Amino acid sequence: MRDYDATREYIKDRDKEPRDQSTASLLLSLANAVVINALAGDIRGLDDALRLWGEAERRITALDEVFRAGISDQAARAIIARVVLEHLHASGRIDIADVTGAPLVDEGASWLEAATLSAEHTASRTTRRTFLDLPDKSILSQALPQLFDSEDEIDELVSNPVIAHTLTETFRRRVIRWLGNLLPVDLTGTLSARAPHAPMFAALEPIAPREPIGSWLWDRFTVTRIEDWTTASLSLEWDWASHSRTAPCNARAMAERVVDADTTSRHAMIRSLRNYARPQRSAEFNSSEYVGRASELLISGKWEAASQIFEGVVALSPGDAVAWNNLAFCRLAAEPGDAITMLRRAEALSRTPSLVTAANLSLALHLVGKHDEALRIGSAALEWADPSHSSGAWLWEHPAADRDADLDAELVLGYFSSVREYLETLLEHLGHPTATTCSAALAGESG
């Protein structure tokens, strides 16, 4: 059991054809496709999602139940974040295209309309508040960790009655109910997280679906720690392993993970003795865990392999600014143009500007010949950055120790104890007449 890691399976297999992916990768890829569609209102990946669904359905006869039990909850949380982003966009506080990487479309506005009517309908019917009506602020910090890292800002958002309602269990359950109802009649609309007709959505009873088989399979293939499974999942796993009952998956899929029946029995018994049905799941996914391995690959010159790691990370956590910065960093030396797009996404996803991101962006802009913009962004960063708090970081060293020398075009990866000093040295080079003709910049332009 210790050898099974769902996240590792996903990152390893996500670029393979669906038929060649593990079931863990297949389900997580499918979930992430729906989440990205929900968060960005972008359905360009719909064909891929349909192919993933087709392969998953071939392996799992109870795929509809898995969707309702696991994938729809992730989609609902992304839709909640989308409604908040739509609200901030409408009030002129953000540009949603910068944050999501996709232009504003009518679908997102429809979700905001659905949330607004849902809030009004719930307020008109509720005579007393229950746990279903309490906003869960953690949803925002989980979906967009750097954009909503201020407790005061979240409190200000929650003071808006529509946003407060959007963060409640009532709204989340309505979204899950809507997606579950839509699934049998419109698979394309479900995978693209199509918004409902607002009055119909507001009339839905916020009743969570009971899908024990779906919950078991979702836990079995996507939740690494058995301690984080539901009690029902533990019981079903034990029943299947002990009595050789027919599984709602083909044999190949079930064989991908072997869980000892005694282990599931023991965990289920402990859970029963403690008298609780579902534990608080640990935060098992942390993008920082992958920095070390990516750095090793970069040092070895394997930037494509390092990029593949963080491509998987941003797919699992599309609202994580740090992950986008790390992906851009992996690509910066070889593909500075792509890195610029990713770094600007990282900037948009963070309320607090990052000196590391600004340094990376300045270098990337220089490498594609945008020297004036690189100088402007780097200089501005030095103005707002606190001089007394300059930490270190791994950065691409521009070959500009002697600005009048015949510079080698190759960037070298190195650790700098002061990001500020690194940026000051880079800006010194950018301000010199040789910046426009240095070989590093010329190599970046030609690449």
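For the structure, check the block above.
In short, a report on the structure. Nothing here was measured: the structure is a model prediction, and the numbers come from that model.

**A short note on the overall build of the chain**
When helices and strands are tallied, the chain shows 24 helices and two strands. The burial tally for the chain puts 52% of its 447 residues in the buried class.

**Observations concerning the environment of Q146**
Following the sequence through the fold, Q146 ends up in the loop between α7 (138–143) and α8 (151–158). Residue class for Q146 comes out buried when judged on its relative accessible area of 17%. C-alpha separation for the pair Q146 and T352, spaced 206 residues apart in sequence, amounts to 7.4 Å. When near neighbours in sequence (up to four residues on either side) are disregarded, Q146 contacts G319, D320, A321, V322, L349, S350 and R351. Side-chain polar atoms of Q146 contact the side chain of D320, separated by 3.3 Å. Here the side chain of Q146 touches A321 through a polar contact of 2.6 Å, landing on its backbone nitrogen.

**With respect to helix α23 (residues 419–430)**
Taking 1.5 Å per residue, twelve residues should reach 16 Å; α23 reaches 16 Å between its end C-alpha atoms and fits that length. Along α23, the residues that are buried comprise V419, R420, Y422, L423, L426, L427, H429 and L430. Those residues of α23 that are buried are in contact with α21 (355–367), α22 (371–384), β1 (393–397) and β2 (412–416).

**Some details on the side chain of R59**
With respect to the secondary-structure elements, R59 resides in helix α3 (residues 46–59). A polar side-chain atom of R59 sits 3.4 Å from the main-chain carbonyl oxygen of R19. A distance of 2.8 Å separates polar atoms of two side chains, one belonging to R59 and the other to E55. In this view, R59 contacts P18, R19, Q21, S22, T23, L26, P248, C249, N250, R252, A253 and E256; residues no more than four positions away in its chain are not counted.

**Some remarks on the nonpolar core**
In summary, soluble globular proteins display a tendency toward joint burial of nonpolar side chains. Judged by nonpolar contacts, the single largest core of 125 residues is most densely connected at W111 and F148. Among the elements that take part in this core, helix α4 (residues 63–90) stands out by supplying 14 residues, more than any other. Those residues in contact with F148 that sit more than four places away from it in its chain are V84, L88, L140, S141, I154 and L157. Formed by five residues, the second largest nonpolar core is a distinct cluster that contains I226, W229, L234 and V259.

**Overview of the environment of M342**
Here M342 lies in helix α20 (residues 336–348). Of the residues examined, M342 reaches a relative accessible area of 11% and is grouped as buried. Along the backbone, M342 and N325 are 17 residues apart, and their C-alpha atoms lie at a distance of 6.7 Å. Filtering out sequence-adjacent residues up to four positions away, M342 remains in contact with W324, L327, A328 and R331.

**Quick word on the pattern of salt bridges**
It is possible for side chains bearing opposite charge to pair when their charged atoms get close. Counted by the stated rule, this structure contains 30 salt bridges. Between D73 and R77 there is a salt bridge; the shortest N-O distance is 3.3 Å. With D73 and R77 both in helix α4 and four residues apart, this pair spans about one turn of that helix. Accessibility expressed as a relative area gives 28% for R77, which makes it partly exposed.

**Some thoughts on the packing of aromatic side chains**
Under the criterion given, the structure shown has six aromatic pairs. Centroid distance W53 to F67: 6.2 Å. Interplanar angle 70°. Geometry classified as edge-to-face. With W53 in helix α3 and F67 in helix α4, this pair connects stretches of sequence that are 14 residues apart. For the pair shown, W53 and F67 are each scored as buried. Their ring planes at 65° and their centres at 4.9 Å tell us that F416 and Y422 sit as a pair that is edge-to-face. In textbook terms, an aromatic cluster arises when at least three aromatic residues are bridged by ring pairs, as seen for W111, F171 and F201.

**Re α22**
For α22, spanning 14 residues, the distance from its first C-alpha to its last is 20 Å, which sits close to the expected 20 Å at 1.5 Å a residue. For α22, every residue scored as buried is listed here: H371, A374, I377, G378, A381 and L382. Each buried residue of α22 sits inside an arc of 135° when the element is viewed along its axis, so together they form one side. Pointing more than 90 degrees away from the buried face of α22 are the exposed residues D372, R376 and E383.

**With respect to the layout of surface pockets**
Empty space within the second largest pocket amounts to approximately 1,200 Å³. Lining the second largest pocket are 39 residues, and of these R14, I36, V314, A315 and W324 lie nearest its centre. Contributing elements (two or more residues each) for the lining of the second largest pocket: α2 (23–40), α3, α5 (96–100), α18 (303–316), α19 (321–332) and α20. Tallying contributions element by element places α2 first for the lining of the second largest pocket, with seven residues. The class makeup of the residues in the lining of the second largest pocket is 17 nonpolar, eight polar and 14 charged.

**Here we look at the packing of α3 against α4**
Between α3 and α4, the least distance of the axes is 9 Å, while the angle of their chain directions is 115°. Between α3, through W53, A56 and E57, and α4, the contact on the second element is made entirely by L63, D64 and F67. Taken together, the residues that form the contact of α3 with α4 break down as four nonpolar, no polar and two charged.

**Brief notes about unusual backbone geometry**
You will see that A193, though not glycine, has its phi angle at about 55°, which is positive. Mapped onto the fold, A193 is located in the loop between α11 (187–191) and α12 (198–202). Owing to a relative accessible area of 2%, A193 belongs among the buried residues under this scheme.

**Remarks on a nonpolar patch on the surface**
Together, I299, W394 and Y415 line one region of the surface with nonpolar side chains, adding up to about 350 Å² of accessible area. Considering the arrangement of structural elements, one finds I299 in helix α17 (residues 291–299). Judged by its relative accessible area of 54%, I299 falls in the exposed class.

About the cut-offs
- Here the residue numbering is sequential within each chain, running from 1 through the sequence in written order.
- For this predicted model, a pLDDT threshold of at least 70 governs which residues receive local features, and a threshold of 80 or more governs which side-chain atom pairs are given and counted, while totals over whole chains, interfaces and linings are taken from all residues.
- Side-chain metrics in this entry use all non-hydrogen atoms of the structure; hydrogen atoms and water are not considered.
- Starting at the N terminus, helices and strands are each numbered in turn, a helix being any DSSP run of H or I of at least four residues and a strand any DSSP run of E of at least two.
- The rule is simple: take the accessible area with a 1.4 Å probe, protein chains only, and divide by the maximum for that residue type; under 20% is buried, over 50% is exposed, in between is partly exposed.
- By the convention used here, residues are in contact when the closest approach between their heavy atoms is within 4.5 Å.
- Two N or O atoms count as a polar contact when they lie within 3.5 Å, although within protein this holds only if one can serve as hydrogen donor and the other as acceptor, and sequence-adjacent residues are included solely when both atoms are side-chain atoms.
- Multiplying 1.5 Å by the helix residue count minus one yields the expected span of that helix.
- In this text, buried Ala, Val, Leu, Ile, Met, Phe, Trp, Tyr and Cys residues form a nonpolar core when linked through side-chain atoms within 4.5 Å.
- Basic side-chain nitrogens of Lys or Arg form a salt bridge, by our definition, when they fall within 4 Å of a carboxyl oxygen of Asp or Glu.
- Classification of ring pairs uses Phe, Tyr and Trp, with its six-membered ring standing for Trp, and accepts pairs whose centres are within 6.5 Å; under 30 degrees between planes counts as stacked, over 60 as edge-to-face, and the remaining range as tilted.
- Throughout, the arc means the angular range of directions from the helix axis out to the C-beta atoms.
- Only protein atoms enter the 1 Å grid used here. Points where a 1.4 Å probe fits but cannot escape make up a cavity, open sets with protein on both sides within 12 Å along at least five of seven lines make up a pocket, and a residue lines them when an atom lies within 4 Å of a point.
- Grid points are joined across faces, edges and corners, and a volume is the space filled by probe spheres set on the points.
- Under the scheme applied here, ten amino acids are nonpolar (Ala, Val, Leu, Ile, Met, Phe, Trp, Tyr, Cys and Pro), four are charged (Asp, Glu, Lys and Arg), and all others, including Gly, are polar.
- Axes here mean lines fitted to C-alpha atoms, for a helix over just the part in contact, with angles spanning 0 to 180 degrees between N-to-C directions.
- Each patch is built from residues lacking any salt bridge and having more than 30% relative accessible area; the joining distance is 9 Å for like charges and 5 Å for nonpolar side chains (Val, Leu, Ile, Met, Phe, Trp, Tyr).
- Surface accessibility follows the Shrake-Rupley procedure with a 1.4 Å probe radius. Residue values consider only the protein chains on display as shielding.

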